[in-house]
There are 2 protein chains.
Amino acid sequence: MARPRTPLLSRDRIVAAALRLIDGEGLEVLSTRRLAAELSVSGPSLYNHFATKDELLDAVVDSVIGEVDLSMFGRPDTPWPEALRAWARSYRAALAAHPNIVPVLAQGPGRRPNALRLADAVFGHLVDSGWPRGQATRIGALMRYFVTGSALASFAAGFPADAEVYDAADYPHLGEAHRLAGHRGTVDEGAFETGLEALLEGLVLRFERLAARPVR
Amino acid sequence: MARPRTPLLSRDRIVAAALRLIDGEGLEVLSTRRLAAELSVSGPSLYNHFATKDELLDAVVDSVIGEVDLSMFGRPDTPWPEALRAWARSYRAALAAHPNIVPVLAQGPGRRPNALRLADAVFGHLVDSGWPRGQATRIGALMRYFVTGSALASFAAGFPADAEVYDAADYPHLGEAHRLAGHRGTVDEGAFETGLEALLEGLVLRFERLAARPVR
DNA sequence: CTCGTAAAACTTACAGCGCTAGTTTAACGA
DNA sequence: TCGTTAAACTAGCGCTGTAAGTTTTACGAG
């Protein structure tokens, strides 16, 4: 077939179909052929819209980043610790809604539009709140480390559910670790919330120390 | 050729060669054929030692985790904040020494021997220091989130070096972001250290609050 | 020592992968 | 109208992980 009268594909259509496939069946299922079949076209047709499969995956990642709520940064009266907390939760929720794309998201450069928009919002609010620019940059970075790390893989699932794995000679403190996998949601969520609160508390202390001496 | 008189391969040899190849040329270069060629054998021979390529990669990951220094947890007189700090730095350094395998490491379950040994050491030291077991579990998890997140991708490299990308209408606060990529090392390292200190400070506050009320 | 079994190497081959090159037709603008 | 560009298809390439079959060696039981 030659060029159709009405376009069969668009970047948005392709991205949405790819995300649906990845969410529904996993990242490794996303081949160009499989995705094309979902869109009732042939594999190479995708290359009319994306130069490489990686470019397509970048666009999928950016659409997920676009789901992160940034509204808390648009309210100058919202204290930065509260804004960071709300944002980190929204960020993690967006990633949790699409766990299968997170490995790509966590690894790749963040340089696409929604990622830059996110960085701009966080950085802007911190600087407006009084953080020096260099520190604000670091906070943007470290929060990304923490949130993407927490969304990437389940900590609890890393422990086999078979109690016999934990030979007391090798792992003297892991006698109860086989129970973790069965509480995966609460363990992982609890760790995220604990870490988030610890980070915020630590940053508040740092901010107060900065406020107690001249801002340069 | 049939079975040789002296073994050509062993799991350790295969893992070491795989890590060398990944470190030297990247993860995507590691095909079974390429790895086999490095070992002067044929691709399918690897399957005598590992059931799948994923199992091989798991073993490579575990060898990297084995490089993390855990000695600070063997000294009961070392305060837990100092032990966590030293460990997090060693953990990140081990990952920084092998950046190309980090995506696999960060994503996969941690259930192999060295990963369990690491978890045992951290958990054990925290519990011995007075942390309740549930909290100690969370701390082990959140530290993993943070360290692997920080080692996974450069934050600074996520910002294009071309200043024209940052249209002030879209990104009003990112006027200087094009400079980040040129300071990649110091930005990323600084963010890690800032986050680590904030985490530890926050956890110290939490520990003191726990100590101020009955331990259950 | 013999013999059956398991193990470790090789070769051949499969199905699937991302992507290129070439062809056909439609859209677009001069 | 016509040349160029764009979007779809087909055929095909080199590469991927891995299965199946063959050959030889190691091992342990009898």
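Residues numbered from 1 in each chain as written. Chains lettered and ligands numbered in written order. Predicted model: local features only at pLDDT ≥ 70, side-chain atom pairs only at ≥ 80, totals over all residues.

(A) Summary view of the overall build of chain A. For chain A, the count of helices and strands is eight helices and zero strands. Seen in sequence order, chain A has helices and strands lined up from the N terminus as α-α-α-α-α-α-α-α. A compact globule built from 216 residues should have a C-alpha radius of gyration of about 17 Å, whereas chain A, at 22 Å, is more than 25% larger. Burial analysis of chain A (216 residues in total) assigns 38% to the buried set. (Helix = DSSP H or I, 4+ residues; strand = E, 2+ residues; numbered from the N terminus. Rg over C-alpha atoms; globule rule 2.2 N^0.38 Å. Buried ≥ 20, exposed ≤ 12 C-beta atoms within 10 Å, placed from the backbone.)

(B) Focus on the UniProt feature "domain: HTH tetR-type" (unreviewed entry) in chain A. According to UniProt, the positions carrying the feature "domain: HTH tetR-type" (unreviewed entry) are residues 8–68 of chain A. Split by type, residues 8–68 of chain A is 57% helix and 0% strand. Its first and last C-alpha atoms lie 29 Å apart. (UniProt positions renumbered as here; feature names shortened; annotations may be inferred.)

(C) Structural view of the protein's contact with DNA strand C. Around DNA strand C, 24 residues are found, and the nearest of them are Ala2, Arg3, Ser31 and Lys53 of chain A together with Arg3 of chain B. Tallied by class, residues from the surface near DNA strand C come to 11 nonpolar, seven polar and six charged. (Near = placed C-beta within 6 Å. Nonpolar A, V, L, I, M, F, W, Y, C, P; charged D, E, K, R; others polar.)

(D) Geometry of the domain arrangement of chain A. Residue and element names in this part refer to chain A. According to the domain assignment, chain A consists of domain 1 (11–64) and domain 2 (69–211). Taken together, the 11 residues of domain 1 in the interface contact 12 residues of domain 2. Those elements that provide at least two residues to the side of domain 1 that touches domain 2 are helix H1 (11–25) and helix H3 (53–65). Per-element tally for the side of domain 1 that touches domain 2: the top contributor is H3, with six residues. Considering only residue class, the side of domain 1 that touches domain 2 consists of seven nonpolar, one polar and three charged. (Domains from an automatic or database assignment. Contact = placed C-beta atoms within 7 Å.)

(E) A look at helix H6 (residues 113–128) of chain B. Residues and elements named next belong to chain B. Under the 1.5 Å per step criterion, the end-to-end length of H6 is 22 Å for 16 residues, consistent within 8% with the ideal 22 Å. When we look at burial in H6, the residues that qualify are Ala115, Leu116, Leu118, Ala119, Asp120, Ala121, Val122, Phe123, His125 and Leu126. For H6, the elements touching its buried residues are helix H3 (53–65), helix H4 (80–97) and helix H7 (133–152). Gly130 sits one or two residues past H6 and shows a positive phi near 115°. (Expected span 1.5 Å × (residues − 1).)

(F) Just the relation of the copies chain B and chain A, in detail. Rotating chain B by 180° and moving it 0.0 Å along the rotation axis overlays it on chain A with an RMSD of 0.1 Å. These values place the two chain copies in the arrangement generated by a two-fold rotation axis. Most of the interface of chain B is mirrored in chain A: 100% of its interface residues are interface residues there too. (Least-squares fit on C-alpha atoms with pLDDT ≥ 70 in both.)

(G) Quick look at the environment of Gly190 of chain B. Residue and element names in this part refer to chain B. Following the sequence through the fold, Gly190 ends up in helix H8 (residues 184–211). Residue class for Gly190 comes out partly exposed when judged on the 18 C-beta atoms lying within 10 Å of it. Sequence-wise, Gly190 and Ser45 are 145 residues apart; in three dimensions their C-alpha atoms are separated by 45 Å.

(H) Structural detail: the protein's contact with DNA strand D. Taken together, 24 residues lie near DNA strand D, and Arg3 and Ser45 of chain A together with Ala2, Arg3 and Ser31 of chain B sit nearest. If you tally residues by element for the surface near DNA strand D, the top one is helix H2 (residues 32–38) of chain B, at three residues. Per-class residue counts for the surface near DNA strand D are 11 nonpolar, seven polar and six charged.

(I) Quick look at the packing of helix H8 (residues 184–211) of chain A against H8 of chain B. In the contact formed by H8 of chain A and H8 of chain B, the axes pass within 7 Å of each other and the chain directions differ by 100°. Considering their axes alone, H8 of chain A and H8 of chain B lie roughly perpendicular with respect to each other. Note on element contacts: H8 of chain B touches H8 of chain A through Gly195, Glu197, Ala198, Leu199, Glu201, Gly202, Leu203, Leu205 and Arg206 of chain B, opposite Gly195, Glu197, Ala198, Leu199, Glu201, Gly202, Leu203, Leu205 and Arg206 of chain A. Across the contact of H8 of chain A with H8 of chain B, the residue classes tally to eight nonpolar, four polar and six charged. (Axes fitted to C-alpha atoms, helices over the stretch in contact; angles between N-to-C directions. Parallel < 35°, antiparallel > 145°, perpendicular 65-115°, else oblique.)

(J) Up close: the environment of Ala97 of chain B. All names here are of chain B. Tracing the chain through its elements places Ala97 in helix H4. For Ala97, a count of 12 C-beta atoms within 10 Å translates into the label exposed. Put simply, Ala97 and Arg85 are 12 residues apart on the chain and 18 Å apart in space, counted from C-alpha to C-alpha.

(K) Region of interest: the packing of helix H7 (residues 133–152) of chain A against H7 of chain B. The N-to-C vectors of H7 of chain A and H7 of chain B enclose an angle of 110°; their axes lie 7 Å apart at closest approach. Compared by their axis directions, H7 of chain A and H7 of chain B come out roughly perpendicular. Contacts from Tyr145, Phe146, Thr148, Gly149 and Ser150 of chain A of H7 of chain A reach H7 of chain B at Tyr145, Phe146, Thr148, Gly149 and Ser150 of chain B. When the residues that make up the contact of H7 of chain A with H7 of chain B are grouped by side-chain class, the tally is four nonpolar, six polar and no charged.

(L) Structural view of the interface of chain B and chain A. At the junction of the two partners, chain B supplies 51 residues and chain A supplies 51 residues. With 14 residues, H8 of chain B is the single largest residue contributor to the side of chain B that touches chain A. In terms of residue class, the side of chain B that touches chain A is built from 27 nonpolar, 14 polar and 10 charged.

(M) Here's a closer look at the UniProt feature "DNA-binding region" (unreviewed entry) in chain A. UniProt feature "DNA-binding region" (unreviewed entry): in the numbering of this structure it lies at residues 31–50 of chain A. The distance separating the terminal C-alpha atoms of residues 31–50 of chain A is 14 Å; by composition the span is 35% helix and 0% strand.

(N) Inspection of unusual backbone geometry at higher detail. Residue and element names in this part refer to chain A. Even without a glycine there, the phi angle at Ser40 is positive, about 55°. Within the element layout of this structure, Ser40 appears in the loop between helix H2 (32–38) and H3. Classification of Ser40 by C-beta neighbours within 10 Å gives exposed; the count is 8.

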